[in-house]
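Next come the chains, spelled out residue by residue.
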Amino acid sequence: MRAYRLRRDLSQSDLARLAGVSPSAISQVERGERGLSLETLMALSTRLNVTLDELLGGEVTPDYRIGRRHGLGSAPTGSVLPLLDDAEAGMRTYLVSLPRSATVEAPFAHKGAELVGVVSGLVQVLLGSGRPVLRRGETLLATRRGIDGWRNVGESEAQCLWVLRD
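For clarity, every value in this text was computed on a predicted model and none was experimentally measured.

Undergrad: Please provide a residue-by-residue account of the packing of aromatic side chains, values included.
TA: Here the structure, examined in full by the defined rule, presents four aromatic pairs. Ring plane angle 40° and centroid distance 5.3 Å describe the contact between Tyr94 and Trp162, whose orientation is recorded as tilted. Of this pair, Tyr94 sits in strand β2 (residues 91–98) while Trp162 sits in strand β9 (residues 158–165), and the two are 68 residues apart along the sequence. Each member of the pair, Tyr94 together with Trp162, is buried.

Structure follows, in structure tokens:
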């Protein structure tokens, strides 16, 4: 836990406040003199938006990152929601939700490769060079020009992932 706390530039008091325990409890945990309950560890990992593996992994840095966005079921339709932004890897991922017959514009212009993967529905990708239509399970890779937006051309709500590589 100490390695994670130091990587995140948190004091023992900061971590204690997030965990709902005293700073001396965090100090004892870091020295291996006591542990925290599973309930406290799960609450802390949720507040920090990390997995238990990341929180308790010690000096070992995993070769993966998990992007977590809670409450997607209540996400507004016709929106572009960030799921993961990893500056070190140069990648960003967004969930694009499209109500029936809706068009959603890309919220910003991007220079770099862009990938759209359709999760559900029938989606027309709006590009300067064309208007291809993708169905569930299909992907499009745009390498020269950015994506301008998406149009739902299906009979029900559609969702797609928009992945950007900087």
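Undergrad: Give a description of the side chain of Arg5 that names residues and reports values.
TA: Tracing the backbone shows Arg5 in helix α1 (residues 2–7). Apart from the residues within four sequence positions on either side, Arg5 is in contact with Leu10, Ser11, Gln12, Leu15 and Glu30.

Undergrad: Any details on the confidence of the model for the chain? Residues and values, ideally.
TA: Put simply, the chain has an average pLDDT of 86, and 88% of its residues get 70 or more. Here helix α5 (residues 52–56) stands out as the element of the chain with the lowest mean pLDDT, 79, in contrast to strand β6 (residues 133–135), whose mean of 97 is the highest.

Undergrad: Explain the sheet that holds β9 to me, and be specific about the residues and the numbers.
TA: With antiparallel pairing, five strands are arranged side by side in an open sheet as β1-β2-β9-β4-β7. Only two strands of the sheet have a single neighbouring strand rather than two, namely β1 (79–86) and β7 (139–142). Between one strand axis and the next, the sheet turns by 20° as a mean value, whatever way the strands run. Sheet analysis places β1 next to β2, joined by seven bridges and oriented antiparallel. Looking at the pairing, Asp85 lines up with Arg92 of β2.

Conventions adopted
- Along every chain, residues carry numbers that run from 1 in the direction the sequence is written.
- Given that the model is predicted, a residue must reach a pLDDT of at least 70 before its local features are reported, and side-chain atom pairs must reach 80 or more before they are shown or counted; all residues, however, enter totals for whole chains, interfaces and linings.
- In computing side-chain properties, one takes all heavy atoms of the structure into account and sets aside hydrogens as well as water.
- Aromatic contacts are taken between Phe, Tyr and Trp rings whose centres are within 6.5 Å, Trp giving its six-membered ring; a plane angle under 30 degrees counts as stacked, one over 60 as edge-to-face, and the others as tilted.
- A helix here means a DSSP run of H or I that spans at least four residues, while a strand means a run of E at least two residues long, and both kinds are numbered starting from the N terminus.
- Exposure categories follow from relative accessible area, calculated using a 1.4 Å probe and restricted to protein chains: below 20% of the type maximum is buried, above 50% is exposed, and the middle band is partly exposed.
- It only takes one pair of heavy atoms within 4.5 Å for two residues to be counted as in contact.
- Confidence of the prediction at every residue is given by pLDDT, a number between 0 and 100.
- Pairing between two strands requires that DSSP report at least two bridges joining them.
- Lines fitted to the C-alpha atoms define the axes, with helices restricted to the stretch that makes contact. Angles between their N-to-C directions range from 0 to 180 degrees.

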